[in-house]
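Architecture and fold: a report
Read off the chains here:
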Amino acid sequence: MRLLTITAAMLVAGMATAETVAPADVQFDEDGAVAVSLTGQPGDAARGRDVFATKSKGNCVSCHAVAQLADVPFHGEVGPELSWTGDNRSAEELRGIVADAKMTFEGSMMPSFYKTKGYIRPGDAYTGKAPKTDELPPLLSAQDIEDVVAFLLTLQES
Amino acid sequence: MTFKALTAIALVAGLSAPLAMAGGADDDTMVINDETEMVTKTAAPAHLDGAVDEVISGWHFRSDETQSLQLDDFDNPGMIFVDQAMDVWNTAEGSEGKACADCHNDPAETMVGVKATYPKWNEEAGEVRTVQMQVNDCRVNRMGAEAWKYDAGKAVSMEAMISLHSRGMPMSVAIDGPAAAMWEKGKEMYYTRTGQLELSCANCHEDNYGNYIRADHLSQGQINGFPVYRLKNAKLNGVHSRFKGCVRDTRAETYSPGSEDFIALELYVASRSNGLSVESPSVRN
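Each value, and the rule that gives it
- Residues numbered from 1 in each chain as written.
- Chains lettered and ligands numbered in written order.
- Predicted model: local features only at pLDDT ≥ 70, side-chain atom pairs only at ≥ 80, totals over all residues.
- Heavy atoms only, no water.
- Helix = DSSP H or I, 4+ residues; strand = E, 2+ residues; numbered from the N terminus.
- Buried < 20%, exposed > 50% of the residue type's maximum accessible area, 1.4 Å probe, protein only.
- Areas by Shrake-Rupley, 256 points an atom, 1.4 Å probe, with all protein chains shown as cover.
- Core = buried A, V, L, I, M, F, W, Y, C linked by side-chain atoms within 4.5 Å.
- Contact = heavy atoms within 4.5 Å.
- UniProt positions renumbered as here; feature names shortened; annotations may be inferred.
- Buried area = accessible area lost by both parts, 1.4 Å probe.
- Salt bridge = Lys/Arg side-chain N within 4 Å of Asp/Glu carboxyl O.
- Pairing = 2+ DSSP bridges.
- Axes fitted to C-alpha atoms, helices over the stretch in contact; angles between N-to-C directions.
- pLDDT = per-residue confidence, 0-100.
- Polar contact = N/O pair within 3.5 Å; in protein donor to acceptor, adjacent residues only side chain to side chain.
- Patch = residues over 30% accessible without salt bridge, like charges linked within 9 Å, V, L, I, M, F, W, Y side chains within 5 Å.
- Lys, Arg positive; Asp, Glu negative; His and termini not counted.
- Charge placed at Lys NZ, Arg CZ, Asp CG, Glu CD.
- Parallel < 35°, antiparallel > 145°, perpendicular 65-115°, else oblique.

Glancing now at the overall build of chain A. Across its full length, chain A carries five helices and zero strands. Each helix (α) and strand (β) of chain A, taken in turn from the N terminus, gives the series α-α-α-α-α. The buried share among the 158 residues of chain A stands at 45%. Carbon and sulfur atoms form 59% of the exposed surface of chain A, whose accessible area is close to 8,200 Å².

Looking now at the nonpolar core. Ranked by size, the top nonpolar core spans 38 residues in total, and within it A:L38, A:F52, A:L69, A:Y114, A:I145 and A:L152 carry the most contacts. Those elements giving two or more residues to this core turn out to be α2 (45–53), α4 (91–99) and α5 (142–153) of chain A. Counting residues per element, this core draws most heavily on α5(A), at six residues. When residues no more than four places from it in sequence are discounted, the contact partners of A:L152 are A:F52, A:L82, A:T85, A:G86, A:L94 and A:V98. Within the second largest apolar cluster, 34 residues are counted, among which are B:A44, B:M189, B:F243 and B:L265.

Turning to the UniProt feature "binding site: heme c 2" (unreviewed entry) in chain B, a few remarks are in order. Residue and element names in this part refer to chain B. What UniProt calls "binding site: heme c 2" (unreviewed entry) maps, in this numbering, to C201, C204, H205 and C246. These annotated residues cover 46 residues of sequence, and their C-alpha atoms all fall within 10.7 Å of one another, placing them together at a single site. In this fold, H205 is placed in helix α9 (residues 201–205). A residue is classified by how much of its surface remains accessible, and H205, at 17% relative accessible area, is buried. Sequence-distant contacts of H205, that is, excluding residues within four places in its chain, are made with Y190, L218, S219, Q220, G221 and C246.

With that settled, the discussion passes to the UniProt feature "domain: Cytochrome c" (unreviewed entry) in chain B. Residue and element names in this part refer to chain B. The UniProt record annotates "domain: Cytochrome c" (unreviewed entry) at residues 84–171 and 185–278. With 45% helix and 7% strand, residues 84–171 has end C-alpha atoms that lie 25 Å from one another. A helix fraction of 37% and a strand fraction of 11% characterise residues 185–278, whose end C-alpha atoms lie 24 Å from each other.

Another point: the interface of chain A and chain B. At the junction of the two partners, chain A supplies 44 residues and chain B supplies 39 residues. Summed over both partners, the interface of chain A with chain B buries about 3,400 Å², with 57% contributed by carbon and sulfur atoms. A per-residue breakdown of the area chain A buries against chain B is headed by A:F74, A:E77 and A:R121, which together make up 24% of the total. In this assembly, chain A and chain B are joined by two salt bridges.

Before going further, it helps to spend a moment on the sheet that holds strand β9 (residues 228–230) of chain B. Residue and element names in this part refer to chain B. The three strands lie next to each other as β10-β9-β11, forming an open sheet whose pairing is mixed. In this open sheet, the two strands that pair with only one neighbour each are β10 (235–237) and β11 (282–284). Each strand of the sheet is rotated relative to its neighbour by a mean of 40 degrees, with strand direction disregarded. Judged from the three bridges that link them, β9 and β10 form a sheet pairing that is antiparallel. Bridge pairing in β10 places R230 opposite K235.

Interpreting fine coordinate detail is not advised for predicted regions of low pLDDT. For chain A, per-residue confidence averages 91 on the pLDDT scale, and residues scoring 70 or more make up 89% of the total. Here residues 1–16 of chain A is a poorly scored stretch, pLDDT under 50, and it has five contacts once near neighbours within four places are set aside; other chains count.

Moving on: the pattern of salt bridges. Inspection of every chain in the model, using the stated rule, returns 20 salt bridges over all chains. Here A:R89 and A:E93 are joined by a salt bridge, their closest N and O atoms 3.7 Å apart. A:E93 gets classed as partly exposed once you look at its relative accessible area, which sits at 29%. A salt bridge links B:D137 to B:R129, with the shortest nitrogen-to-oxygen separation between them at 3.3 Å. Take B:D137 and B:R129: they sit in the same class, and that class is buried. By sharing partners, the salt bridges in this structure join A:R47, A:D144 and A:D147 into a single network.

Moving on: α2(A). Residues and elements named next belong to chain A. Among the residues of α2, those classed as buried are G48, V51, F52 and A53. Next to the buried residues of α2 lie α5. At the N-terminal end of α2, a side-chain oxygen is found 3.0 Å from the backbone nitrogen of A46, two or three residues along, and the residue is D44.

This brings us to a positive patch on the surface. Together, A:K129, B:K149, B:K235 and B:K244 make up a region of like positive charge exposed at the surface. Tracing the backbone shows A:K129 in the loop between α4 and α5. The exposure class of A:K129 is exposed, given its relative accessible area of 57%.

Before going further, it helps to spend a moment on the packing of helix α6 (residues 131–143) of chain B against helix α7 (residues 153–164) of chain B. All names here are of chain B. At a minimum axis separation of 10 Å, α6 and α7 run at an interaxial angle of 105 degrees. In terms of their interaxial angle, α6 and α7 are classed as roughly perpendicular. Here α6 contributes V131, Q132 and V135 to the contact with α7, which in turn contributes A155, V156, M158, E159 and I162.

The omega torsion across B:F226 and B:P227 is -5 degrees, close enough to zero to call that bond cis. Following B:S280, the chain continues into B:P281 via a peptide bond in cis, with omega recorded as -10 degrees. Structurally, B:P281 can be placed in the loop between α11 (260–272) and β11. Positive phi outside glycine occurs at A:R121, with the angle close to 50 degrees. With phi around 50 degrees, A:A125 is a residue other than glycine that occupies positive phi space.

Below you can see the structure in the form of structure tokens.
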């Protein structure tokens, strides 16, 4: 049973390995950065682009405009434009921001993407119904986050 | 280089969601049927001190095409439902064999100003009532008819018809006295960050109105136009159903239409609309 659960979790997480850092175990430094890769696997920037732009995944584009994503319609303006993020931020900082932006920006409106509990009136995804489990699956998997970070690092001026 | 890229995106987005340069509410003015001038922007009520300076109708954040549908009753698809409700108004129902009209005569006289003050404390019942609750009270206790389901077709159509007779009047919902406790509860709900996305009403409708979130131009989430005809589902929508959708979109467990939670939230949000003209039935996308 337990083995099955682990296998299922690995499938969901896609690339997860034994080295995957669980949401509760992520170590943020005092500025909110996360030094260690969440999976030990390199991020895939092409996959990260997809996570960023896809509504059912990160849906980051709903709040952030990115000039390099000209093929994706409707960029939001709730958060800052990210077209130069790769010039300004390190992988460690970006990993921390994507995993839990509230550790970098206090009270941020940006959702915490690698978190499973501590919510008020949590629901079962977008159904409006009560959740099936006490802890929710994180919004993004560890590898999704590494992939998004790899994509963000490609966003540079030149 | 960057400029070109930005232009490209604006083109791809069909010009409806340009980047970080959209800029808030438009400056159009609303005159209904070429005669009724509407207040769609005005100084915020005193209780919003420090939160927002101006309250703005959701109409200002919609496209010109959507806006124009609300300007003439012949174009407003919500008016069909108002007509249907007028038929119901005149039809006897229930064990007492009475119609609304038997007690309230012509709504154009007896229902004037009602919507502008609801939700409202009802002394006899000792509760805050929405228009739909009041209508159901008449149905059950005065007509011997069954209550309508909250926010379902007939209930929303009747609310729209009643609200039409306040159109153009300023929202003036009382928040003191016995309604104060419900109002406080609604206020707390408005600022609570719910669901897995941890977003409050205020995050989107107070801190970010005028900004785009994906393809949606965020308004202040005012309810002076409810019930609202939405092009999206081609019907009239009640306030609680709208709230339900917004709460669901924070990946939260929602409340039910007609619940005490949503009554409290409606009272609070209605009070944020104080000063804006009643627009019902409004038209939105």
